[in-house]
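The primary structure of each chain is shown beneath.
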Amino acid sequence: MGTKVKPVQPTEIKDKKIIREVIAQIRKPISPEVIKRNKKMDAMIDKFMK
């Protein structure tokens, strides 16, 4: 009554273009607009936490 377990194959990513695009997005620096917006959100969070 033992169950048969199939061996798990490692996942292969075949499309290298997608990989390069994801790595480029990760390495891309944060834009000044996003930094400014994050600072505003931090200030609002601090205001509500007090």
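The structure this text deals with has already been given above.
Quick summary incoming for the structure in this document. (Residues numbered from 1 in each chain as written. Predicted model: local features only at pLDDT ≥ 70, side-chain atom pairs only at ≥ 80, totals over all residues. Heavy atoms only, no water.)

Considerations on the overall build of the protein
Of the regular secondary structure elements, the protein holds 2 helices and 0 strands. Out of the 50 residues in the protein, the part that is buried amounts to 0%. Of the roughly 5,900 Å² of accessible surface on the protein, a fraction of 62% belongs to carbon and sulfur atoms. (Helix = DSSP H or I, 4+ residues; strand = E, 2+ residues; numbered from the N terminus. Buried < 20%, exposed > 50% of the residue type's maximum accessible area, 1.4 Å probe, protein only. Areas by Shrake-Rupley, 256 points an atom, 1.4 Å probe, with all protein chains shown as cover.)

Here we look at helix H1 (residues 16-27)
With 12 residues, H1 extends 17 Å from end C-alpha to end C-alpha; this agrees with the ideal 16 Å at 1.5 Å per step. Judged by how many residues are buried, H1 sits mostly at the surface: 0 of 12 residues are covered. (Expected span 1.5 Å × (residues − 1).)

Comments concerning a nonpolar patch on the surface
A surface patch of nonpolar side chains, about 300 Å² in accessible area, is lined by Ile18, Val22 and Ile26. Summarising the element assignment, Ile18 is placed in helix H1. (Patch = residues over 30% accessible without salt bridge, like charges linked within 9 Å, V, L, I, M, F, W, Y side chains within 5 Å. Salt bridge = Lys/Arg side-chain N within 4 Å of Asp/Glu carboxyl O.)

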